[in-house]
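Listed here are the chains, written in short residue letters.
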Amino acid sequence: MRYSSQKNKSNGVLEQPECLFKHSGGALSCMVNSEIGAVLAVMRRNVRWGVQYGADDEQLEHSLILSFKELRKKIFLWQNHWYTVDPVLYIQPFLDIIKSDETGAPITGVALSSIYKILNLQILDSRTVNVDNALHLIVDAVTSCRFEVTDPASEEVVLMKILQVLLACMKSQASSNLSNHHVCSIVNTCFRIVHQASSKSELLQRTSRHTMHELVRCIFLRLPYFDDGREEISNGDGSPKVGDGATVQNHSVKAELHIDGFGVAEYEKKESDDGEDGSLSTNSSMMDPYGLPAAIEILHFLCSLLNVMENIEVSASSNPIAYDEDVPLFALGLINSAIELSGPSLGNHPKILAMIQEDLFCNLMQFGLSMSPLILSTVCSIVLNLYHHLRTKLKLQLEAFISGVLLRVAQGKHGASYQQQEVAMEALIDFCRQPMFAADMYANCDCDVSCSNVFEAIATLLSRSTFPVSIPLSAINTLALDGLIALLESMVERIGSSASASGEYSQELTEYKPFWTLGCYDYEQPHHWVPFVRNMKNIKKKLVHGVDHFNTNPKKGLEILQELHLLPDKLDPKSVACFFRFTFGLDKDVIGDFLGSHDSFSIQVLQEFARTFDFKDMNLDAALRIFLETFRLPGESQKIHRVLEAFSESYYEQSPDIFVNKDAALLLSYSLIMLNTDQHNTQVKKKMSEEDFIRNNRKINGGNDLPQEFLSELYHSICENEIRMVPDQIGSAAVLRRSHWSGLVHKAKQTTPYIASDGGSHLDYDMFAVLSRTAVAAVSVVFDHAEQDATLNSCIDGFLAIAKISASYNFGEVLNDVVVSLCKFTTLLHPSFSEKSLLYFGDDTKAKLATEAVFTLVNRYGDHIGSGWRNIVECILSLQKMGLLPPRLVNDAADDLESLPLVDQTTLSGTHSPTYQAAAVTTSRKPSGIMGRFSLLLSLDAEQAVSQPSEEQVAGRRRILQMIQNCHIDSIFAESKFLQAESLSQLVHALVMAAGSSLKGSISVEDEETSVFCLELLIAITLNNRDRIMLLWQSVYEHIANVVQSIAMPCALVEKAVFGLLRICQRLLPYKENLADELLKSLQLILKLDARVADAYCEQITQEVMHLVKANAAQIRSHMGWRTIISLLSITARHPEASEAGFETLSYIMSDGAHLSPANYVLCISAARQFAESRVGQVDRSIKSLDLMADSVGCLSAWFRKTKEVASEEAVERMSMDILEMWMRVIQGLKRVCLDQREVVRNHAIMSLQRCSSGVDGIQVPIDMWLQFLDQVIFKLLDELLDMVIPHSLKDYRSMEVSMVLALKLLSKAYLQSLQDISQSTAFSEIWLKVLRCLERYLNLRFRGKKSEKIHELIPELLKNTLLVMKTSGILIPSDPVAGDSFWEFTWLHVKNIAPSLQAEVFPEEELQEKQAISGCNPIPDGSTLVSPNQTAA
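Residues numbered from 1 in each chain as written. Predicted model: local features only at pLDDT ≥ 70, side-chain atom pairs only at ≥ 80, totals over all residues. Heavy atoms only, no water.

Chemist: Hey, could you run me through the overall build of the protein chain in this one?
Modeler: Within the protein chain one finds 60 helices and four strands. Per-residue burial for the protein chain yields a buried fraction of 55% across its 1434 residues. Accessible area for the protein chain stands at about 62,500 Å²; split by element, carbon and sulfur atoms hold 49% of it. (Helix = DSSP H or I, 4+ residues; strand = E, 2+ residues; numbered from the N terminus. Buried < 20%, exposed > 50% of the residue type's maximum accessible area, 1.4 Å probe, protein only. Areas by Shrake-Rupley, 256 points an atom, 1.4 Å probe, with all protein chains shown as cover.)

Here it is as structure tokens:
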């Protein structure tokens, strides 16, 4: 045997197994013959069927036996043309047995088995001749089967075989030839057996129900291949063939239910002529090959099984389903099977769709509120299937079911049991797991002004239901969590699936537009409907505000709605009427009072309100029900009259064919209200009869009677279904009545089209804004109380989902809430967390999950975290205190300590600096490294008795370390360069706050380690974010400044602050030239160090400054930056360890003028002077310093030449003045060193000063500056040298003698170099007089009564040379004998005191007389030519 893998498209089911070969005619003959023999054998066992004798003793056999014998004669004659034989010929004898009431159960059972075998072996197929008639005969015979009941067991066997045969007919390849009528008969018969089986064995009950399900599956599996016309499927290959069809207008199925513990239904087929209700004729569609009519009838029959609710009295406190749940469960199961198999094709047939929208959903709503959890579960399954297949056509129905059933039951309202709540919650979760359910509900309900906020209500319910009433968690709590996570994960899956802009729609309403008329251009294109629904949601939010006020104070509410531009500035009746009609949440009592008012405006509103209803093709009672469902009918007769008058006028305008005028509609409407009160008021004892009602309404239609049938129908409708005069308020109805549902169905015809989400994330931002309000708290409370690992893992999934959505849609506050919550569960923030807590931490699954989750979250979405960084940092610090962090946590990606070979790595390692260890007080301290505590725990200290940890403790710590390693905490800081600006600022702020808290008051060892660790992280983050250093520089700088200025003793913290600051400058200066000044300015903090701290780290600081300068000298351009650097170098001049590095750095700057500039020149000269004066180190360093100062004058000349080439005259002039000022600074600096106590240094300084005394090449030194140079430098130097000689010993004097000789030569050279310029000054005589007096003083210098031979020989020579130069230049000439000349006179007066013979040598007698013969001359004639300084002898 083989099985076909293809689906038979004619019946929608898998084909029956086929033989590898086709049955031959002979084989079929044998099969039929064997069945004949089986039936005869059973019959012969009963003497009743034996041979009978006639009057003439002729043997007579029963006609049933004879028919079988005749058939036996023929069957072997057909074996060559078996498929051309009419099957009626060989099945009729068996059918006669089945229909005969003379046969017993065994015989009937065998005949049924034979028919089943013929059907099952596919002897009858679509190619068989007259197969349709044969199938019809089989169905007719089996459905009318009669037999004698001999015992219950035999009866059950026959019933089971009837079920087998009928099911085989439906599954036969020829089943498409069955008519609609026969299919309905099959279903009817099977249901009868189901009913009978209720009192029989369990096997028959189960078999009959299973058969019923199989029948429904066979029929509705073919529904996708039906259309609204006739469909024929008769070709051999099983493919459907659609032909002309007829409708089902002339056939109806009536189901009668008897509430006796079980239901029974039967089809009453009336064999009457056309025109009678439910009539069937041979030409009706029910006799056509079965298709849509049969499906409609069967579905209608199944729905009718649920209508029992209408016949049960229900009170507010009673059980809506107060009878055996077997009938509705069975019917619901069949309906569910039909929907599952039909799928979306249900919506292709208007009649079936209308049945689902109206009757079926109404019953589902009613049974959904039953007290049976099993019924509720089945109902929910059906609705879920309907949502999956038909949601676009069930917008309001789905809203009503979710709001009116699931949400109410899940909340435990109206006495719902815990089991019901659980079922409702499970159903809600099933809906939430549908990919687009949440988006559909939000777009179609929450953004529709006439609907409730379904999505918001679901989110609120799920969040609230997670909060446990007692410990431990209940199933409801965990189910609610699953629902929340399902909603979140559906959003996560849609992230990035659409390009719609995120952000809440906040368009303000600037002008009035009737919101009930707004529509979307295209409800299928997201770029059209997304802005539309967001706009409607914005309007709805404003409407809610206005509705709340209206329900309290209608007048105030309307004014607020006008202010919100939801109603026109000048109210008109139509806008107010539409507001009442289309706004959700209005108090129906308030609407009724407003509409019933007698003022003209309220009357106009009432008239417009009535016109908003569509009453076309609607019965009067149905229209009245829908109308009165929207408000509460006032109790006063006048108000009732006005309301009914408005209704009647509107109804008459839309349905003028029934009444001749609106007065007739009004009278009959009044009569219906009276009838409704009479029939349904318990205080009325004598009820109005139908005849009374008809009699009361005579002659009301313009003097004529209304049709009696019309009035009778109205009477029965009112009696059977009450018109609710006090409609239930929103959210208060316990049981949905059919009158309520009529209004909803009517509303559904006018609602906006269903918006089907396309799988994009168009509205996820708006939805998450609703969901996030309570989601974090909901997940947190479950996580807090959960004990099962599965629940804990679900909570972690929820946290991560919230985090991902928050990061994707920029919900920073929500993400911070998640971080705060997770950090709390890590237990790391607990004040008592210590090393003893580690074992508990290692065994705490919840804490470990939270720890892994929080760091996973930070690594994934850290760039969206804000204030949550503070909690994260506190967790990291707790781990650091316990020694659980990786050893190189703070290593930044762009720098390794090995890349700085000139720097002692221990200097940068923080707490292990040798300098600090030497300077700090020796105390017993724990290692302060990141892994110090763990190392201490695992190591043996010979000096301290440390208890060995147990193997369990070591293993536990290893597990914790592995978990921490999996958290990748180091990535948080290494990847900080990818954080957004706000998040980065918050991280830095958190670290500063954590580090700063330990600086307050006395600092313990643990606090110091924490501060050092935070500072390391700050430095690493700063270096990793050099491209946006300004975002965090101020915070980092202020923290480092706080550390530097608050600590007065050497310690690891201040060391880390100082060297961290230097490291930042080293790394950032090459890349941030625009920030060079800011960075270098920060180094001024080092100058503010306490003296003890500065002394401890001076050498290392200087080394770092040296590396900084050598690497970044070209980037330091400003005076302020150089002032900081040079200030740091100047300090080292007198420091024993640091001076060498300091001088090396200064030499690097000044040598050959490589990095000298106008910005740092004066600063460098000052620093060089300090190194020259310093006695720390060798004398050679002072000599080199003086050389640096003297050589720097060459740079001044170079700068001037360069400026002169490119700049304007004005700029050149300014530059020359600046250069001369710098030259004077060099002169003054050298002058100070000329007084040094060390002879070599002093003499070298005087010689260096002499080298620089000629000025700057290319620049004319002004007279004032020459005068200043002579007066404040040369003369002052000579005076101070004299002062130094007097109090010293002879030995000191001898060392000073050389200096004094050099100084005198300096005086002569300086005077002669400036002679040309100063001779033009009015102060020239005074300067010359000072020169003479200085020479005279030095000449008369005695020490212990003796004069200096060198000075005594030098001065006359220097004076003579000076006089000769002055003579040659025309400055010194003989005086006028008449007028006299004081310059000439006082010159020779002083010269005679020094060297009396010089006048004769300079001016011989003959030359003097010759010059005196000339008339008087100016002592300094104009245009005199001076002797070049280079030609003057030293």
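Chemist: Mind showing me how you'd approach the packing of aromatic side chains here?
Modeler: When we look at a pair of aromatic rings, we describe it by the centre distance and by the angle of the planes. Tallying each qualifying case throughout the model produces 44 aromatic pairs. Relative to Phe 455, the ring of Tyr 442 has its centre 5.9 Å away and its plane inclined at 90°; by these criteria the two rings are edge-to-face. In this pair, Tyr 442 sits in helix H15 (residues 437-446) while Phe 455 sits in helix H16 (residues 454-465), placing the two residues 13 residues apart along the sequence. On the basis of relative accessibility, which here comes to 3%, the residue Tyr 442 falls in the buried class. (Phe/Tyr/Trp six-rings, centres within 6.5 Å; stacked < 30°, edge-to-face > 60°.)

Chemist: Hey, could you run me through the confidence of the model for the protein chain in this one?
Modeler: Should pLDDT be low for a region, the predicted coordinates there are not to be read in detail. In the predicted model, the protein chain carries a mean pLDDT of 79, and 82% of its residues have values of at least 70. Here residues 230-283 scores under 50 on pLDDT; set against residues more than four positions off or in separate chains, the count is 124 contacts. In the predicted structure, residues 729-735 sits below a pLDDT of 50 and forms 19 contacts with residues beyond four places in sequence or in another chain. (pLDDT = per-residue confidence, 0-100. Contact = heavy atoms within 4.5 Å.)

Chemist: How do you make sense of the packing of helix H48 (residues 1139-1150) against helix H49 (residues 1161-1173) when you look at a structure like this?
Modeler: Any two packed helices are characterised by the angle at which their axes cross and by the distance between the axes. Direction vectors running N to C along H48 and H49 enclose 140°, while the axes themselves pass 11 Å from each other. Classified by the angle their axes make, H48 and H49 are oblique. Every pair of crossing elements has a handedness; the one defined by H48 and H49 is left-handed. Contacts between H48 and H49 involve Ser 1139, Gly 1142, Phe 1143, Leu 1146, Ile 1149 and Met 1150 on the former and, on the latter, Cys 1164, Ile 1165, Ala 1167, Ala 1168 and Phe 1171. Here the contact of H48 with H49 is composed, by residue class, of nine nonpolar, two polar and no charged. (Axes fitted to C-alpha atoms, helices over the stretch in contact; angles between N-to-C directions. Parallel < 35°, antiparallel > 145°, perpendicular 65-115°, else oblique. Left-handed = near helix turned anticlockwise from the far one by under 90°. Nonpolar A, V, L, I, M, F, W, Y, C, P; charged D, E, K, R; others polar.)

Chemist: I would appreciate a short explanation of helix H47 (residues 1119-1131) in the present structure.
Modeler: Structurally, the α-helix is built with 3.6 residues per turn, so residues lying three or four positions apart point the same way. Over its 13 residues, H47 runs 18 Å from end to end, which matches the ideal 18 Å to within 8%, given 1.5 Å per residue. Among all positions of H47, only Met 1120, Gly 1121, Trp 1122, Thr 1124, Ile 1125, Ile 1126, Leu 1128, Leu 1129 and Ser 1130 are buried. Buried positions along H47 lie against helix H44 (1076-1082), helix H45 (1084-1087), helix H46 (1091-1112), H48 and H49. (Expected span 1.5 Å × (residues − 1).)

Chemist: It is not clear to me how the nonpolar core should be interpreted in this structure. Could you clarify?
Modeler: In globular proteins that are soluble, nonpolar side chains generally tend to be buried together. Ranked by size, the top nonpolar core spans 465 residues in total, and within it Phe 579, Phe 580, Ile 969 and Trp 1223 carry the most contacts. Broken down by element, the residue count for this core peaks at 14 residues, all from helix H54 (residues 1263-1285). In this view, Phe 579 contacts Phe 515, Trp 516, Leu 543, Val 547, Phe 550, Leu 558, Leu 561, Leu 567 and Leu 586; residues no more than four positions away in its chain are not counted. (Core = buried A, V, L, I, M, F, W, Y, C linked by side-chain atoms within 4.5 Å.)

Chemist: Whenever I open this one, the state of the cysteines confuses me. Can you help?
Modeler: Linking two cysteines covalently via their sulfur atoms produces the bond known as a disulfide. Tallied over the full model, the rule gives zero disulfides. Between Cys 823, a cysteine without a disulfide, and Cys 875, which holds the nearest cysteine sulfur, the sulfur-to-sulfur distance is 3.7 Å. (Disulfide = S-S within 2.5 Å.)

Chemist: What is the right way to look at a negative patch on the surface in this model?
Modeler: On the surface, a cluster of negative charge is contributed by Asp 1095, Glu 1099, Glu 1137 and Glu 1140. Positionally, Glu 1137 belongs in the loop between H47 and H48. For Glu 1137, a relative accessible area of 45% puts it in the partly exposed group. (Patch = residues over 30% accessible without salt bridge, like charges linked within 9 Å, V, L, I, M, F, W, Y side chains within 5 Å. Salt bridge = Lys/Arg side-chain N within 4 Å of Asp/Glu carboxyl O. Lys, Arg positive; Asp, Glu negative; His and termini not counted. Charge placed at Lys NZ, Arg CZ, Asp CG, Glu CD.)

Chemist: It is not clear to me how the side chain of Ser 650 should be interpreted in this structure. Could you clarify?
Modeler: Relative to the helices and strands, Ser 650 resides in helix H24 (residues 637-654). Owing to a relative accessible area of 2%, Ser 650 belongs among the buried residues under this scheme. Excluding its chain neighbours within four sequence positions, the residues that come into contact with Ser 650 are Ala 610, Arg 611 and Phe 615.

Chemist: It is not clear to me how unusual backbone geometry should be interpreted in this structure. Could you clarify?
Modeler: What is expected of a backbone is that most residues other than glycine have negative phi and most peptide bonds are trans. A positive phi angle, close to 65°, is found at His 565, a residue other than glycine. Considering the arrangement of structural elements, one finds His 565 in the loop between helix H19 (554-563) and helix H20 (573-582). The class of His 565 is partly exposed, set by a relative accessible area of 24%. A positive phi angle, near 55°, is found at Asp 1152, a position not held by glycine. Locating Asp 1152 in the fold gives a position in the loop between H48 and H49. Asp 1152 gets classed as exposed once you look at its relative accessible area, which sits at 82%.

Chemist: Would you mind showing me how to read the pattern of salt bridges here?
Modeler: When charged atoms on two side chains of opposite charge get close, those side chains can pair. All chains considered together, the criterion is met by 32 salt bridges. Between Glu 1016 and Lys 1056 there is a salt bridge, with its nearest N and O atoms 3.8 Å apart. Within this pair, whereas Glu 1016 is found in helix H41 (residues 1005-1024), its partner Lys 1056 is found in helix H43 (residues 1052-1068), the two being separated by 40 residues in sequence. Taking relative accessible area as the criterion, Glu 1016 reaches 12% and is therefore assigned buried.

Chemist: Quick question: what am I supposed to make of the packing of helix H7 (residues 180-197) against helix H8 (residues 202-221) here?
Modeler: Their axes nearest at 8 Å, the elements H7 and H8 cross at an angle of 160°. By the angle between their axes, H7 is roughly antiparallel relative to H8. Considering only the axes of H7 and H8, their crossing is left-handed. Here H7 contributes Val 183, Ile 186, Val 187, Cys 190, Phe 191, Ile 193, Val 194 and Ala 197 to the contact with H8, which in turn contributes Leu 204, Gln 205, Ser 208, Arg 209, Thr 211, Met 212, Leu 215 and Ile 219. Partitioning the contact of H7 with H8 into residue classes produces twelve nonpolar, three polar and one charged.

Chemist: Please explain helix H34 (residues 869-881) as it appears in this structure.
Modeler: Here H34 contains 13 residues, and its C-alpha end-to-end distance of 18 Å stays within 8% of the 18 Å for a straight helix at 1.5 Å per residue. For H34, the tally of buried residues reaches ten of 13 residues, placing the bulk of the element in the interior. One or two positions beyond H34, positive phi appears at Gly 883, with a value near 70°.

Chemist: Sorry if this is basic, but what is going on with the environment of Leu 1312 here?
Modeler: Inspection of the secondary structure puts Leu 1312 in helix H55 (residues 1290-1318). In this structure, the C-alpha to C-alpha distance between Leu 1312 and Asn 1361, residues 49 residues apart in sequence, is 9.5 Å.

Chemist: Looking at this structure, how should I read the environment of Asp 1264?
Modeler: Here Asp 1264 lies in helix H54. In the structure, Asp 1264 is positioned 54 residues away from Ile 1318 in sequence and 8.2 Å away in space, judged by C-alpha atoms.

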